[in-house]
Amino acid sequence: GLPDIYIAMGQTAENVREVEGVSRQEMDEFAVRSQDRAVASIDNGFFEREIVPVTLPDGSVVSTDDVLAMGVAYRRMGIQSVDALVGRGVFYGGATTEAQAMRGEEVCVVGGANSAGQAAIYLARFATRVTLLVRGSSLAKMSQYLVRDIEAAPNIELRRNTEIVEARGDRRLRSVRLRDLVANSIEELPAAAVFIFIGAIPRTDWLPDDVRTDEHG
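Residues numbered from 1 in each chain as written. Predicted model: local features only at pLDDT ≥ 70, side-chain atom pairs only at ≥ 80, totals over all residues. Heavy atoms only, no water.

## Let's talk about the overall build of the protein
Secondary structure assignment for the protein yields 6 helices and 12 strands. Within the protein, the proportion of its 217 residues that are buried is 32%. When contacts within the protein are restricted to residue pairs at least 6 apart in sequence, those whose partners lie at least 24 apart make up 57%. Accessible area of the protein: about 13,200 Å², with a carbon and sulfur share of 49%. (Helix = DSSP H or I, 4+ residues; strand = E, 2+ residues; numbered from the N terminus. Buried < 20%, exposed > 50% of the residue type's maximum accessible area, 1.4 Å probe, protein only. Contact = heavy atoms within 4.5 Å. Areas by Shrake-Rupley, 256 points an atom, 1.4 Å probe, with all protein chains shown as cover.)

## Observations regarding the sheet that holds strand E10 (residues 185-190)
What the 3 strands build is an open sheet, ordered E8-E9-E10; its pairing is antiparallel. Both outer strands of the open sheet, strand E8 (162-168) and E10, are each paired with one neighbouring strand and no more. Between one strand axis and the next, the sheet turns by 30° as a mean value, whatever way the strands run. Pairing geometry for strand E9 (residues 175-180) and E10, over 6 bridges, is antiparallel. Directly across from Asp-180, in E10, lies its bridge partner Ser-185. (Pairing = 2+ DSSP bridges. Axes fitted to C-alpha atoms, helices over the stretch in contact; angles between N-to-C directions.)

## What to know about the nonpolar core
In this structure, Val-107, Val-109, Leu-123, Val-130 and Phe-195 are the most contacted members of the largest nonpolar core, which totals 27 residues. Of all elements in the fold, only strand E5 (106-110), helix H5 (114-123), strand E6 (129-133), helix H6 (144-152) and strand E11 (193-196) reach the threshold of two or more residues within this core. In this structure Leu-123 touches Ala-95, Ala-99, Met-102, Val-107, Val-109, Val-130 and Phe-195, once residues within four positions along its chain are discounted. (Core = buried A, V, L, I, M, F, W, Y, C linked by side-chain atoms within 4.5 Å.)

## Some thoughts on the packing of aromatic side chains
For the coordinates displayed, the defined rule picks out 2 aromatic pairs. On the numbers, 5.2 Å between centres and 20° between planes, the contact of Phe-91 with Phe-195 is stacked. Taken together, the positions of Phe-91 in strand E4 (residues 90-92) and Phe-195 in strand E11 put the pair 104 residues apart, joining distant regions of the chain. Residue class for Phe-91 comes out buried when judged on its relative accessible area of 10%. Residue classification places Phe-195 among the buried positions, given a relative accessible area of 0%. (Phe/Tyr/Trp six-rings, centres within 6.5 Å; stacked < 30°, edge-to-face > 60°.)

## Section: the environment of Val-194
Of note, Val-194 is situated in strand E11. Expressed as a C-alpha distance, the spacing of Val-194 and Val-176, which sit 18 residues apart in the sequence, is 8.6 Å. If near-sequence neighbours (up to four positions away) are discounted, Val-194 is found in contact with Gly-89, Val-90, Phe-91, Cys-108, Val-110, Ile-164, Leu-173 and Val-176.

## Some points on the confidence of the model for the protein
As a general rule, the predicted coordinates of low-pLDDT regions are not to be interpreted in detail. In this model, the protein carries a mean pLDDT of 80, and residues with pLDDT of at least 70 account for 62%. Counting contacts from residues 1-11, a segment whose pLDDT is below 50, to residues more than four positions away or on other chains yields 30 contacts. (pLDDT = per-residue confidence, 0-100.)

## Here we look at the sheet that holds E11
A sheet is described by the order of its strands in space; here 5 strands give the open sequence E4-E11-E5-E6-E7, paired in parallel fashion. What marks the edges here is a single partner per strand, and that holds for E4 and strand E7 (156-159). Ignoring which end each strand starts from, the neighbouring axes of this sheet average 20° apart. Bridge count between E5 and E6: 5 bridges; the pairing is parallel. When the sheet's bridge partners are listed, Cys-108 is paired in E6 with Thr-131. Across the sheet, H5 lies against E5, E6, E7 and E11, angled at about 165° from E5, the strand it touches most.

Quick look at the structure:
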């Protein structure tokens, strides 16, 4: 059966199945066991005192009385015209909350890892066209099941070796200027929104020095 595992930010059940090499039945059984365990802990009044084993990505296991959900700060692109339109068509994250407002619109997603792939697929349920912008030449950082879904979606266009150099719009985003890093050419693309997923930094800088963190914070 599936052991207690660490599910990283941005992973879905399908991604966990792929990484852990388990069947759908094992995944379902694990979910049921986890729910039963939580319900029993609450009923017995032990939820806050339960020792929770957590398996880290490197395979080591730690046990803890408390799990802190610190949240993250999304990495910014550092482009003045882009950051000037945050909340007005430019979003760091936010795909699930803004998706329905994108019905019938053309949007862009920036990023080449799982969070960007998941956002593109979800937005494609509402937007007329989703353009996925990736600075690199491949989607090597993205799970294969997401790559397959992106390639199969008729309204998702993948643009490799491409970056945003400018966001245009007065009170709201109306277009973005893109640079093709291979051809070194510039193109303007209409866009009602841009969703940016280029990494995130854990909000752990306030923790005291005796709390150990890994190289990612």
